[in-house]
Amino acid sequence: MAATDTPRTRITWDYAPAPESPDHVRLRDSYGLFIGGEFVDPRDGKRVPSINPATEEPVAEVAFAGEADVEAAVEAARAAQHAWAKLPGRERAKYVFRIARLIQERSRELAIVESLDGGKPIRESRDVDIPLAAAHFFHYAGWADKLAYGVGGRSAVPYGVVGQVVPWNFPLLMAAWKLAPALACGNTAVLKPAETTPLSALLLAEICQEAEVPAGVVNIVTGDGSTGAALVRSDVDKVAFTGSTAVGKDIQAALAGRGVGLTLELGGKSANIVFEDAAIDQAVEGIVQGIFFNQGHVCCAGSRLLIQESVADDVTKKLWDRMRLLRVGDPLDKNTDVGAINSAEQLERIEELVEAGVQEGAVRRSIACDVPERGWWFPPTIFTEVAPAHRIAVEEIFGPVVSVLTFRTQAEAIEKANNSPYGLAAGIWTDKGSKAFEVAAALKAGVIWQNTYNKFDPTAAFGGYKESGFGREGGAAGLRPYLRVT
Ligand code: NDP
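Computed from a prediction, not measured in an experiment: that's the story for all the values here. (Residues numbered from 1 in each chain as written. Predicted model: local features only at pLDDT ≥ 70, side-chain atom pairs only at ≥ 80, totals over all residues. Heavy atoms only, no water.)

Chemist: For this particular structure, what's the right way to read the sheet that holds strand β4 (residues 47-52)?
Modeler: By definition, the strands of a sheet pair up through backbone hydrogen bonds, in either a parallel or an antiparallel sense. Spatially, three strands are ordered β1-β5-β4 in an open sheet, and the strand pairing comes out mixed. Each end of this open sheet is capped by a strand with a single partner; those strands are β1 (30-31) and β4. Note that β1 and strand β5 (residues 57-63) share two bridges and pair parallel. Of the residues in β5, the one forming a bridge with Ser 30 is Glu 61. (Pairing = 2+ DSSP bridges. Helix = DSSP H or I, 4+ residues; strand = E, 2+ residues; numbered from the N terminus.)

Chemist: Any chance you could explain the environment of Phe 39 here in plain terms?
Modeler: Its place among the elements puts Phe 39 in strand β3 (residues 38-40). In sequence terms Phe 39 and Lys 416 are 377 residues apart; their C-alpha atoms lie 50 Å from each other. With residues near it in sequence (within four places) discarded, Phe 39 still touches Arg 28, Tyr 31, Gly 32, Leu 33, Phe 34, Leu 202, Ala 205, Glu 206 and Gln 209. (Contact = heavy atoms within 4.5 Å.)

Chemist: Just to check I follow, could you spell out the packing of aromatic side chains for this structure?
Modeler: If you walk through the whole model with that rule in mind, you get 12 aromatic pairs. A ring pair is formed by Trp 449 and Phe 456, whose centres lie 5.9 Å apart and whose planes are at 90°; its orientation type is edge-to-face. By way of ring pairs, the aromatic residues Trp 177, Trp 449, Tyr 453, Phe 456 and Phe 462 are connected into one cluster. The ring of Phe 64 has Lys 46 sitting right over it, with the charged end atom 4.0 Å from the ring centre. Between the NZ or CZ atom of Lys 238 and the centre of the ring of Tyr 482, over which it lies, the distance is 5.4 Å. (Phe/Tyr/Trp six-rings, centres within 6.5 Å; stacked < 30°, edge-to-face > 60°. Lys NZ or Arg CZ within 6 Å of the ring centre and 35° of its normal.)

Chemist: What am I meant to see in the layout of surface pockets here?
Modeler: Unfilled space is identified by rolling a water-sized probe across the atoms. The space that makes up the largest pocket amounts to roughly 1,300 Å³. Only β4, α8 (225-233), β10 (238-242), α9 (245-255) and α12 (344-359) provide two or more residues apiece to the lining of the largest pocket. Its residues assigned to classes, the lining of the largest pocket comprises 26 nonpolar, 13 polar and 11 charged. (1 Å grid on protein atoms, 1.4 Å probe; cavity = no way out; pocket = protein on both sides within 12 Å on 5 of 7 lines; lining within 4 Å. Points joined across faces, edges and corners; volume = space filled by probe spheres on them. Nonpolar A, V, L, I, M, F, W, Y, C, P; charged D, E, K, R; others polar.)

Chemist: Just to check I follow, could you spell out empty space enclosed by the protein for this structure?
Modeler: In this structure the tally under the stated criterion is five cavities of 30 Å³ or more. Its volume calculated, the largest cavity comes out at about 90 Å³. Surrounding the largest cavity, 15 residues form its lining, Arg 304, Ala 417, Ala 425, Lys 444 and Ala 445 being those nearest its centre. Among the elements of the structure, α14 (410-418), β17 (422-423) and β18 (425-429) are those that each provide at least two residues to the lining of the largest cavity. Classifying every residue of the lining of the largest cavity by side-chain character gives eight nonpolar, four polar and three charged. Estimates place the volume of the second largest cavity at around 80 Å³. Asn 169, Phe 170, Leu 173, Met 174, Trp 177, Glu 265, Val 298, Cys 299, Cys 300, Phe 456 and Phe 462 together form the lining of the second largest cavity.

Chemist: Would you explain the side chain of Ser 115 in this entry?
Modeler: Mapping Ser 115 onto the fold places it in helix α3 (residues 107-118). Not counting chain neighbours up to four residues away, the residues in contact with Ser 115 comprise Lys 120, Pro 121, Ile 122, Ser 125, Pro 331 and Leu 332.

Chemist: Teacher, can you tell me more about α12 here?
Modeler: Given 3.6 residues per turn, any residue in an α-helix points the same way as the ones three and four places further on. In this model, α12 (16 residues) spans 22 Å end to end at C-alpha, consistent with the 22 Å of a helix rising 1.5 Å per residue. For α12, the set of buried residues is Gln 346, Leu 347, Ile 350, Leu 353, Val 354, Ala 356 and Gly 357. At its buried positions, α12 is contacted by β14 (363-366), β15 (381-384), α13 (391-394) and β16 (401-407). Within two residues after α12, Gly 361 carries a phi angle of roughly 105°, on the positive side. (Expected span 1.5 Å × (residues − 1). Buried < 20%, exposed > 50% of the residue type's maximum accessible area, 1.4 Å probe, protein only.)

Right under this line is the structure:
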């Protein structure tokens, strides 16, 4: 075809693939449990592969901890706790600081492993997960000798041994959110990573060895929900859990009456509210960041988009135009915006809820994208004509799916935003500062962003209201869950 036959509007710009090479990553074929400063075999010898969700191929094999392994890890943590708590804060700080430095040194490797094991785009693991994980250890290294200042001058002692259970959406970052404050406060820990994403936590175990963290201070037991449940039942002094509301409720019931401390960071169905006076193009970028970041596997994702009626058509049109530019595919490609869905089970959950949305009468649009034949994928999707009672407006989808609702007045926006059993986060898009403050004060959500979304910082507290849980992580507030204050 002659060049002149191609209408100018049909010129397409494409990217050449830009894959990050995994060649220098030094994963072992098989990992034991990290107990008492060593990698040890599980007592019953059971091991399972960890699967790359973009290829369905195993990445490495990990041990599966049973009840006796969990008990051994808790005993190791118990044996180490007194001496760890007795260290002067400035000495504990050195270890926590070393962990942070080693995360930085191994950041490229950690980012690749996080993307291989969990399916998230390398751009996000490289620029968000790993730097923020290091930043959390740096931040809490700074608190270790200033604990009294963090609790208003009152006296505080560590809980003792803490059991920590983390999910698969931000594996290393969630481990950092849990371990950094626990260690700084003088606790020892047993951490259980998620079944589908155990590898970065095991690299963190190697980092603890390199940092010469005393044996037993950090213990990592891989396994599934039954390992987490065994940890909750064990002789720990405190449990810190991030994950689904359903499991959070079970844990709360299991701990009732035992005098064991508990913090829960659970699910959400967060409202991202766009007022008519907002900078619309900027808001569209924020909406994309709010829901498509990490395939929407984000507890605080802006999954309920509330748009003022007068600008709803404009915003949804611009959002759709922007969504169509998102690149879905190989998580290791630096151009990828949306990677693989973390597991076949999670993909099934997303598909089930999306089907329910269609059945209930909402209008679905999903972008066209070529995805690899193997692996688990879901295209970025928008639902319009959504009613507040639809399941897609109420339940956490935990995938790249946004449900659009509209409102006419500020009061209606607040009412709709608060009409949720959850209360984790919210976004407010407006040019009027006073309106942002007024709305923020009326919203029942733990974190509220103004004219931005999904921004995290180790100095800022994060946590929920209602069925999104209780307790805070991050900043000085993040010390409290790891200290008994008198
Ligand atoms: P879960 O709550 O089941 O998993 C979170 C962590 O808890 C994992 O390490 C899991 O282990 C462990 N676990 C599972 N059952 C128990 C138990 N009875 N006692 C102690 N620990 C347990 O989340 P899912 O992975 O099943 O995801 C389901 C839904 O949860 C998602 O669709 C999403 O809505 C929500 N979710 C919310 C997250 C958040 O950040 N708030 C994070 C992850 C999920 P294992 O993985 O090995 O089963």
